[in-house]
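# Structural description and commentary
Chain by chain, the residues run as shown.
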Amino acid sequence: MKVNFVVCQLFALVTAFWFRLYLHPSKTSPFIRHVVATLLGFYLALFCFGWYALHFLVQSGLAYGVMIFTGVEHMHKYCFVVTLGYLSFCQVTRVYVFDYGMYSADFTGPMMVITQKITSLAFEIHDGLMKREEHLKPSQKYLAVRKMPSLLEYLSYNCNFMGILAGPTCSYNDYVAFIEGRCYEPKHLESNGKENGKFKQSDPSPKRDVIQKVCTCALSLMVYLVIYAACPTERVIDDTFMASNPFYIQVLYLYISMLALRPKYYFVWTLADAINNAAGFGFNGYNTDGTPKWDRISNLRILNIEFATSFKMFLDNWNIQTALWLKRVCYERCPYNPTAATFLLSAIWHGAYPGYYLTFITGIVVTMAARAVRHNVRQHFLGSATLKLIYDMITWFSTQMAICYTVVPFVLLAVGPSLKFYSSWYCCIHLLCVLLVLVLPVKSRRTKQQEQLSSVQASEQNCLSSPDNNCNQKQKAS
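Residues numbered from 1 in each chain as written. Predicted model: local features only at pLDDT ≥ 70, side-chain atom pairs only at ≥ 80, totals over all residues. Heavy atoms only, no water.

Under the annotation held in an unreviewed UniProt entry, the protein chain carries the name Membrane bound O-acyltransferase domain containing 2a and is attributed to Cyprinus carpio. The annotation that UniProt attaches to the protein chain under Subcellular location (unreviewed entry) is "Endoplasmic reticulum membrane". (UniProt positions renumbered as here; feature names shortened; annotations may be inferred.)

## Details of the packing of helix α9 (residues 207–230) against helix α11 (residues 247–278)
Between α9 and α11, whose axes approach to 8 Å, the crossing angle comes to 150°. As the angle between them shows, α9 and α11 are arranged roughly antiparallel. Of the two elements, α9 crosses α11, and the hand of that crossing is left-handed. Taken together, the residues of the contact of α9 with α11 break down into 19 nonpolar, five polar and three charged. (Axes fitted to C-alpha atoms, helices over the stretch in contact; angles between N-to-C directions. Helix = DSSP H or I, 4+ residues; strand = E, 2+ residues; numbered from the N terminus. Parallel < 35°, antiparallel > 145°, perpendicular 65-115°, else oblique. Left-handed = near helix turned anticlockwise from the far one by under 90°. Nonpolar A, V, L, I, M, F, W, Y, C, P; charged D, E, K, R; others polar.)

## Let's talk about helix α18 (residues 415–424)
In an α-helix, one full turn covers 3.6 residues, which means residues spaced three or four apart are oriented alike. Those residues of α18 that fall on the buried side of the exposure criterion are Ser-418, Phe-421, Tyr-422 and Ser-424. Looking straight down α18, one finds its buried side chains confined to an arc of 165°; they lie on one side. Within two residues after α18, Tyr-426 carries a phi angle of roughly 60°, on the positive side. (Buried < 20%, exposed > 50% of the residue type's maximum accessible area, 1.4 Å probe, protein only. Arc of directions from axis to C-beta.)

## A look at the environment of Thr-322
Inspection of the secondary structure assignment puts Thr-322 in helix α14 (residues 320–331). Overall, Thr-322 belongs to the buried group, its relative accessible area being 7%. The residues touching Thr-322, leaving out its near neighbours within four places in the chain, are Gln-116, Asn-299 and Trp-349. A polar atom in the side chain of Thr-322 sits 2.8 Å from the side chain of Gln-116. (Contact = heavy atoms within 4.5 Å. Polar contact = N/O pair within 3.5 Å; in protein donor to acceptor, adjacent residues only side chain to side chain.)

## Things to note about helix α7 (residues 151–159)
Judged by how many residues are buried, α7 sits mostly within the fold: seven of nine residues are covered. Along its buried surface, α7 packs onto α2 (30–49), α3 (54–69), α5 (108–130) and α8 (172–180).

## Let's talk about the packing of aromatic side chains
The geometry of an aromatic ring pair is captured by two quantities: the separation of the ring centres and the angle between the planes. Tallied over the full model, the rule gives 37 aromatic pairs. Relative to Phe-107, the ring of Tyr-52 has its centre 4.8 Å away and its plane inclined at 10°; by these criteria the two rings are stacked. Of this pair, Tyr-52 sits in the loop between α2 and α3 while Phe-107 sits in the loop between α4 (72–98) and α5, and the two are 55 residues apart along the sequence. Residue classification places Phe-107 among the buried residues on the basis of a relative accessible area of 6%. (Phe/Tyr/Trp six-rings, centres within 6.5 Å; stacked < 30°, edge-to-face > 60°.)

## A word on a nonpolar patch on the surface
On the surface, Leu-219, Leu-221, Met-222, Leu-225, Val-226, Ile-227, Leu-252 and Ile-256 cluster together into a nonpolar patch covering about 710 Å² of accessible area. Residue assignment for the nonpolar patch shows that the elements contributing at least two residues are α9 and α11. Considering every element that reaches the nonpolar patch, the biggest residue donor is α9, with six residues. Here Ile-256 lies in helix α11. (Patch = residues over 30% accessible without salt bridge, like charges linked within 9 Å, V, L, I, M, F, W, Y side chains within 5 Å. Areas by Shrake-Rupley, 256 points an atom, 1.4 Å probe, with all protein chains shown as cover. Salt bridge = Lys/Arg side-chain N within 4 Å of Asp/Glu carboxyl O.)

## Quick word on the UniProt feature "transmembrane region" (unreviewed entry) in the protein chain
Mapped onto this structure's residue numbering, the UniProt feature "transmembrane region" (unreviewed entry) falls at residues 6–23, 35–58, 78–97, 210–230, 242–261, 356–373, 394–415 and 421–442. Overall, residues 35–58 shows 83% helix and 0% strand. The separation of its end C-alpha atoms is 19 Å.

Right under this line is the structure:
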């Protein structure tokens with residue numbers, strides 16, 4: 001399975017260059033590009049997963065039927081339930097009926113990405129056809145879809161060869177702009193907003209970025225195969241290992257093991273990004289020096305992950321497109337406790353292994369504790385560069401330990417080994433996080449919004465009662 005996956009992705013990389021050069025939007029109609037991208041995607045899915053790939057069509061077909069035959073007002077909710085429900089059904093049957101522990105390169109992996117795309121599109125259609133402009137956030141205005149996609153456009157978006165195996169998720173509008181050749185911005189904007197014609201070019205080349213990302217893939221794969229084979233995470237619950245090594249050695253080993261495990265994901269996501277870039281998808285404007293940026297649908301920022309100084313910073317740079325999906329369909333729309341709801345949705349989406357739920361339940365507590373510490377402590381270390389450096393070093397170490405501790409059940413999968421690990425650490429990070437949440441006050445998102453609203457209302461009241469001509473300027477500044 002793993003070999004099939006890598007072979008298919010390398011084939012997709014080569015095909016992507018051909019797609020960009022010989023089926024360029026200036027030479028080929030959007031219809032042909034949609035057809036070719038979809039057929040190639042189905043071919044790769046069949047080669048890699050056999051007849052299990054039919055689940056991709058069944059899931060997509062069920063959701064499209066919901067979109068067509070239900071009202072727009074509630075269509076996004078029905079699509080969300082049907083799509084996530086079908087994914088969960090496949091995950092449960094795969095884990096508990098067919099092969100428990102078949103963790104990598106299984107057919108539900110692509111279904112997870114398709115689930116993101118279908119639910120995102122459903123919410124974007126709902127925003128575009130049901131909500132007024134003034135009720136949408138700026139990002140929602142950009143993402144809103146103003147007409148129902150055709151079946152071909154819908155299947156191309158879900159099952160194109162660039163993203164059928166490993167994603168990443170992208171917005172429907174961005175994908176259609178790529179297919180139709182509207183994704184390139186032939187200008188560079190300076191900091192003052194003026195166009196700088198020196199950097200104009202109609203079709204920026206992704207060659208340099210693709211080469212860099214392929215090199216990153218090769219390095220990541222080498223690190224994973226060499227180091228992780230010598231330091232598997234499962235050893236942290238080995239009785240002999242725990243009995244023969246002091247606690248600080250166990251902590252160091254856990255960090256090295258997780259450090260060596262992450263390159264597996266770096267390899268998969270960076271290669272997927274390179275495939276999309278090679279096809280001409282992922283352009284995100286220009287840098288200040290005029291070089292093109294190809295990170296519009298990138299799924300990770302490796303340096304920001306490895307040097308993250310907060311739990312949030314780590315999550316914001318890890319599996320970026322999934323984090324954006326969770327934010328757009330859950331966190332921004334959930335009226336009650338959006339943090340807990342988002343972690344719960346993430347656990348359900350990842351699969352049926354109990355270890356996933358232990359990881360994300362732990363993640364809720366760690367996130368709340370990290371937020372409380374930052375809110376109450378950080379400002380005391382901003383007085384000088386030295387204090388800020390000390391704060392960054394402490395928070396880097398704390399973040400890395402919290403991530404390693406939280407993710408162990410995600411790797412071990414089962415309840416017994418996961419609880420054995422936590423008990424060997426005396427659940428110390430759990431207890432510490434709960435203590436911090438109880439002791440350190442932090443304002444909820446709703447409280448902050450109410451305070452901001454009260455501030456704006458007070459400002460407007462002062463303006464009405466004051467003859468000061470600068471009032472309008474103050475309002476604009478606020």
